[in-house]
Amino acid sequence: MERESFKSSFGLFAAAVGSAVGLGNIWRFPYITGKHGGAAFLIIYLICVAAIGIPVMLAEFIIGREGRKSAINSFKEIAPNSKWYLSGVLGVLAGFLILSFYSVIAGWTLEYLIKAITNEFAGKDVNAISNMFTEFTSHPVRPIIWQFIILAFTAYIVGNGIEKGIEKYSSILIPALIIIIIILDIRALTLPGSKEGLSFLFKPDFSKVNGKVIFAALGHSFFSLSLGAGTMITYGSYIKEGENLGRATVNIALADTLIALLAGIAIFPVVFAFGIAPNSGPGLVFITLPNVFPKLPGGYLFAVLFFLLLSLAAITSTISMLESVVAYVIDKFNIDRKKATFISISLVFIVGIFASLSNGPMANVPFFGRTFLDFLDYVTANYLMTIGSMISIIFVGWKLDRSMVKKQITNNGILDVGYLSLYDFVARFITPILIIIVFISSIKGLGV
Ligand code: TRP
């Protein structure tokens, strides 16, 4: 049977941007930027995207389009009788684990969308809003129901396949998401305190920068671009021969970064307009913002659109995590897509339940010193994805035949690209060395 593919360039773009743009951009990026000193972090993040994220994404697309299989089997296809496929194993595992906890938080966004619609933030003080969050997230059942709904949506779309599922829905949701975020930006930028918020985001404070901050920027660039988790390899395997991989990669990375910035522009002016510290951490969008929405002119609509944005962004990402797992299950067990989807999502849900419970009934059951959800987040974002990305870039830089890399980047000599030898050099030396330096310095806790 012929492998499915993304039918149009826009479909590929929408699907990959859908994967990349998620809670990472709208929830995680603003709060870690807040925590690590605003613009200084942003600059380091941009360097990570350019010097590490883009080369790794291109490497993953190359592996996928050359192997034309799931993340694990693409390695097996290109480098038979070797251990490279273990990188794919790590990747699919990472995709699975990320989906298990990501779906919990994605579920929260739906609860908050309903809260916004029913105007539940109105008339509550800071404590009430913060209790509302703790009560909900620690509830033994409610978050799990929302998580189930997210997973069911995700499975429905993935079960319909690449063109009729992932491509179709991403092509609708991504433009919708961009329109929503622009409306939110306009509201935020016309607030009295907006200048301060913007200067926080765009004026660097380098005193906060150390090895850990750089590592956080690196980890976040992998997370935000969906790298090192089999996803982009899997999507690469659905890219048609005629697509320009280099151009697609740059466009996707730019769009992802731009949308993260637009999210920051929507959030920080609001935060500053109400004199709140920008470094409130993960609670930023679930506590800080709901607290100010009712005081904001037009705040009701802002709140509804904001949580709609979060939910949509989350779903286009969960799709891509599931696809990485499903593609592997199809390859491995040779079963049809619907069955593979059902099996995968059921397993994810089982692990995911524990991730959800770790905010409530199981909060006191430590998992290597953290709650289970935090542990999954920490291990995947900081280790699995870093290692997976490292292996992808080394595979393309050192193992793959140069003619194969050239074939993929130039579409068999049809495209005249000027960056072929630059890419070779970056993929062999720059990106791996940067990843190693950042990795070691953060483990040793060195201030760089
Ligand atoms: N990039 C998404 C975000 O920013 C998260 C994500 C989607 C992801 N698919 C992934 C992360 C695969 C790692 C691997 O929210």
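So, here's what we can say about the structure. Owing to the predicted nature of the structure, the values given are computational and were not obtained by experimental measurement. (Residues numbered from 1 in each chain as written. Predicted model: local features only at pLDDT ≥ 70, side-chain atom pairs only at ≥ 80, totals over all residues. Heavy atoms only, no water.)

Here we come to the overall build of the protein chain. Looking only at helices and strands, the protein chain has 18 helices and zero strands in total. Its C-alpha atoms give the protein chain principal-axis dimensions of roughly 65 × 45 × 40 Å. Counting only residues that meet the buried cut, the protein chain has 59% of its 448 residues in that class. Restricting the contact set of the protein chain to residue pairs at least 6 apart, pairs at least 24 apart contribute 82%. Only carbon and sulfur atoms are counted for the fraction: they give 67% of the accessible area of the protein chain, which is about 17500 Å². (Helix = DSSP H or I, 4+ residues; strand = E, 2+ residues; numbered from the N terminus. Buried < 20%, exposed > 50% of the residue type's maximum accessible area, 1.4 Å probe, protein only. Contact = heavy atoms within 4.5 Å. Areas by Shrake-Rupley, 256 points an atom, 1.4 Å probe, with all protein chains shown as cover.)

The subject of this paragraph is the packing of aromatic side chains. By the definition in use, this model includes 35 aromatic pairs. Taken together, a centroid distance of 6.1 Å and an interplanar angle of 85° make the contact between F293 and F307 edge-to-face. In this pair, F293 is assigned in the loop between helix 13 (288-292) and helix 14 (299-333) and F307 in helix 14, connecting sequence segments 14 residues apart. Residue classification places F307 among the buried residues on the basis of a relative accessible area of 0%. Plain terms: the ring middles of F306 and F307 are 5.3 Å apart, the flat faces sit at 85° to each other, and that makes the pair edge-to-face. (Phe/Tyr/Trp six-rings, centres within 6.5 Å; stacked < 30°, edge-to-face > 60°.)

Another point: unusual backbone geometry. Phi at N81 takes a positive value of approximately 55°, unusual for a residue other than glycine. Looking at the secondary structure, you find N81 in the loop between helix 4 (71-78) and helix 5 (85-117). Since its relative accessible area comes to 83%, N81 is described here as exposed. Phi at S226 takes a positive value of approximately 60°, unusual for a residue other than glycine.

What follows deals with the layout of surface pockets. By volume, the largest pocket amounts to about 830 Å³. R28, Y31, K35, R370 and D377 are the residues nearest the centre of the largest pocket, which is lined by 33 residues in total. Elements with a minimum of two residues in the lining of the largest pocket: helix 2 (23-35), helix 5, helix 6 (126-137), helix 10 (211-224), helix 16 (372-399) and helix 18 (420-443). Of the residues in the lining of the largest pocket, the class split is 17 nonpolar, 10 polar and six charged. (1 Å grid on protein atoms, 1.4 Å probe; cavity = no way out; pocket = protein on both sides within 12 Å on 5 of 7 lines; lining within 4 Å. Points joined across faces, edges and corners; volume = space filled by probe spheres on them. Nonpolar A, V, L, I, M, F, W, Y, C, P; charged D, E, K, R; others polar.)

By the definition in use, this model includes three cavities of 30 Å³ or more. Together, 19 residues line the largest cavity, and S19, I98, F223, S226 and M321 are the ones closest to its centre. For the lining of the largest cavity, the secondary-structure elements that each account for two or more residues are helix 1 (9-20), helix 2, helix 5, helix 10 and helix 14. Residue composition of the lining of the largest cavity, grouped by class: nine nonpolar, 10 polar and no charged.

On to the side chain of S324, then. Residue position: S324 is located in helix 14. Within polar-contact distance, the side chain of S324 engages the backbone oxygen of A229 at 3.2 Å. If near-sequence neighbours (up to four positions away) are discounted, S324 is found in contact with V92, A229, G230, T231 and T234. (Polar contact = N/O pair within 3.5 Å; in protein donor to acceptor, adjacent residues only side chain to side chain.)

With that settled, the discussion passes to a nonpolar patch on the surface. A contiguous nonpolar patch, built from W398, F425, F429, I430, I433 and I437 and spanning about 560 Å² of accessible area, is present on the exposed surface. Take the nonpolar patch: its biggest share by element is five residues, from helix 18. (Patch = residues over 30% accessible without salt bridge, like charges linked within 9 Å, V, L, I, M, F, W, Y side chains within 5 Å. Salt bridge = Lys/Arg side-chain N within 4 Å of Asp/Glu carboxyl O.)

Of all hydrophobic cores here, the largest spans 158 residues; its most connected members are F306 and F307. Sort the elements by how many residues they give to this core and helix 14 lands first, with 19 residues. Apart from residues lying up to four places away in sequence, F307 is in contact with T109, Y112, L113, A116, F121, V285, F286, P290 and F293. (Core = buried A, V, L, I, M, F, W, Y, C linked by side-chain atoms within 4.5 Å.)

It is worth spelling out the pattern of salt bridges at this point. This structure, assessed with the given rule, holds 12 salt bridges. Salt-bridge contacts for K115 lead to E120; the nearest nitrogen and oxygen are separated by 3.9 Å. By relative accessible area, E120 is classed as partly exposed at 32%. Via salt bridges that share partners, E111, K115, E120 and R142 belong to a single interconnected network.

All right, on to helix 7 (residues 142-159) then. The periodicity of an α-helix, 3.6 residues per turn, causes residues three or four positions apart to be oriented the same way. Between its first and last C-alpha atoms helix 7 spans 26 Å; for 18 residues at 1.5 Å apiece the expected length is 26 Å, and the two agree. Those residues of helix 7 that sit buried are P143, I144, W146, Q147, I150, L151, T154, A155, I157, V158 and G159. Residues of helix 7 that are buried sit in contact with helix 5, helix 6, helix 8 (162-189), helix 14 and helix 15 (337-357). With its phi angle positive at about 95°, G161 sits one or two positions after the end of helix 7. (Expected span 1.5 Å × (residues − 1).)

Looking at the element boundaries, S389 is found in helix 16. Within polar-contact distance, the side chain of S389 engages the backbone nitrogen of G228 at 3.5 Å. Once residues within four sequence positions are removed from consideration, S389 is found in contact with V56, F222, L227 and G228.

It is worth spelling out helix 17 (residues 402-410) at this point. Turning to helix 17, its buried residues number three or more, namely V405, Q408, I409 and T410. Positive phi shows up at N411, right after helix 17, with a value of about 55°.

If you check the shell around the ligand, you find 17 residues, and the closest are A20, G24, Y102, F223 and S226. Interatomic distance of 3.1 Å between a backbone N/O atom of S19 and a nitrogen atom of the ligand. Contact between the ligand and A20: an oxygen atom at 2.9 Å from a main-chain N or O atom of the residue. With the chains in place, 100% of the 360 Å² that the ligand exposes on its own is no longer accessible. Broken down by secondary-structure element, the contributors of at least two residues to the shell around the ligand are helix 1, helix 2, helix 5, helix 10 and helix 14. A breakdown of the residues in the shell around the ligand according to their chemical character gives eight nonpolar, nine polar and no charged. (Near = heavy atom within 4 Å.)

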